[in-house]
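Spelled out from the first residue to the last, the chains are:
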Amino acid sequence: MMNNDNLTRAMKVVLADTYALYLKTHNYHWNVEGKRFFELHTLFEEQYTELATAVDDIAETIRQLGQKAPGSFKTFSELTNIKDGNEDAGACDMICDLAESQAIVMKSVTEALAVAKELDDEATIGLLSDRLSVHRKAKWMLDSMSECKAKK
């Protein structure tokens with residue numbers, strides 16, 4: 001049987017994955033180079049800005065569920081499924097890495113959403129459904145770039 005502890009644990013993973021993706025996206029925003037610099041620099045900024053807001057919403061949801069939200073690199077690194085970004089990667093690899101990371105976050109969001117649905121927690125279901133839509137769109141945008149298509 002599911003309880004709030006199960007949901008809070010799942011939400012902490014969503015928070016850690018979202019924060020790790022935020023950090024990776026910001027890293028790539030700072031360090032992308034090449035012919036498509038401006039386009040990618042702008043896209044990555046849009047994505048990390050959205051993720052920054054999401055981190056706060058997810059952390060506040062954890063607090064509403066009655067537990068402290070994790071907030072240290074150590075704890076995030078223990079919880080996340082996202083690997084660190086490589087600031088020396090080329091633009092193509094950055095795009096593909098971010099697309100793969102979006103899929104990882106979608107998986108953790110989907111797992112937390114299943115728990116929220118079992119608990120009939122409409123507020124958390126709404127947040128997670130919205131997050132899933134955002135990540136699906138971001139992944140689609142990244143996948144749509146020729147670099148990712150060529151690598152698949």
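One can find the structure itself at the top, above this paragraph.
Residues numbered from 1 in each chain as written. Predicted model: local features only at pLDDT ≥ 70, side-chain atom pairs only at ≥ 80, totals over all residues. Heavy atoms only, no water.

Asker: Can you help me understand the pattern of salt bridges in this one?
Answerer: Think of it this way: side chains of opposite charge can pair up when their charged atoms draw near. Taken as a whole, this structure holds six salt bridges when the rule is applied. Here Asp-97 and Lys-24 are joined by a salt bridge, their closest N and O atoms 2.9 Å apart. Residue Asp-97 is found in helix H4 (residues 91-118), and its partner Lys-24 is found in helix H1 (residues 4-31); the two are separated by 73 residues along the sequence. Note on Asp-97: relative accessible area 18%, which makes it buried. Given the relative accessible area of 3%, Lys-24 is considered buried. Salt-bridge contacts for Lys-139 lead to Asp-143; the nearest nitrogen and oxygen are separated by 2.4 Å. Of this pair, Lys-139 and Asp-143 both sit in helix H5 (residues 122-143), separated by four residues, roughly a single helical turn. (Salt bridge = Lys/Arg side-chain N within 4 Å of Asp/Glu carboxyl O. Helix = DSSP H or I, 4+ residues; strand = E, 2+ residues; numbered from the N terminus. Buried < 20%, exposed > 50% of the residue type's maximum accessible area, 1.4 Å probe, protein only.)

Asker: Would you mind going over the environment of Ala-69 with me for this structure?
Answerer: Mapped onto the fold, Ala-69 is located in the loop between helix H2 (37-64) and helix H3 (73-79). Look at Ala-69 and you get partly exposed, because its relative accessible area is 27%. Separated by 61 residues in the primary sequence, Ala-69 and Thr-8 place their C-alpha atoms 9.0 Å from one another. Not counting residues within four places of it along the chain, the set of residues in contact with Ala-69 comprises Leu-15, Ala-59, Ile-62 and Arg-63. (Contact = heavy atoms within 4.5 Å.)

Asker: Help me understand the packing of aromatic side chains in this model?
Answerer: Where two aromatic rings form a pair, the distance of their centres and the angle of their planes describe that pair. Under the counting rule described, the total for this entry stands at four aromatic pairs. Centre to centre, the rings of Tyr-22 and Tyr-48 are 6.1 Å apart; their planes meet at 75°, and the pair counts as edge-to-face. Taken together, the residues span a long stretch of sequence, with Tyr-22 in helix H1 and Tyr-48 in helix H2 at a distance of 26 residues. Residue Tyr-22 is classed as buried on the basis of its relative accessible area, which comes to 18%. We classify Tyr-48 as buried; its relative accessible area is 12%. (Phe/Tyr/Trp six-rings, centres within 6.5 Å; stacked < 30°, edge-to-face > 60°.)

Asker: Mind showing me how you'd approach the side chain of Lys-24 here?
Answerer: Within polar-contact distance, the side chain of Lys-24 engages the backbone oxygen of Lys-83 at 2.9 Å. In terms of polar contacts, Lys-24 uses its side chain to reach the side chain of Ser-101, at 2.8 Å. Excluding residues within four positions of it along the chain, Lys-24 makes contact with Ile-82, Lys-83, Asp-84, Gly-85, Asp-97, Leu-98 and Ser-101. (Polar contact = N/O pair within 3.5 Å; in protein donor to acceptor, adjacent residues only side chain to side chain.)

Asker: Any chance you could explain the packing of H2 against H5 here in plain terms?
Answerer: The axes of two packed helices give the description: the angle between them and the distance between them. It is the contact of H2 with H5, at a shortest axis distance of 12 Å, that shows an interaxial angle of 165°. Taken together, the axes of H2 and H5 lie roughly antiparallel to each other. Taken as a pair, H2 and H5 cross one another with a handedness that is left-handed. The segment H2 lies against H5, with Leu-43, Phe-44, Gln-47, Glu-50, Leu-51, Ala-54, Asp-57, Ile-58 and Thr-61 engaging Thr-124, Leu-127, Arg-131, Val-134, His-135, Ala-138 and Leu-142. In the contact of H2 with H5, the residues fall into nine nonpolar, four polar and three charged. (Axes fitted to C-alpha atoms, helices over the stretch in contact; angles between N-to-C directions. Parallel < 35°, antiparallel > 145°, perpendicular 65-115°, else oblique. Left-handed = near helix turned anticlockwise from the far one by under 90°. Nonpolar A, V, L, I, M, F, W, Y, C, P; charged D, E, K, R; others polar.)

Asker: Can you walk me through the packing of H2 against H4 in this structure?
Answerer: H4 packs onto H2 with a crossing angle of 20° between their chain directions and a minimal axis gap of 12 Å. When the axes of H2 and H4 are compared, the pair comes out roughly parallel. At the point where H2 passes H4, the crossing takes the left-handed sense. In contact with Leu-40, Phe-44 and Gln-47 of H2, H4 contributes Ala-91, Met-94, Ile-95, Leu-98 and Gln-102. Taken together, the residues of the contact of H2 with H4 break down into six nonpolar, two polar and no charged.

That is the geometry; function is a separate question.
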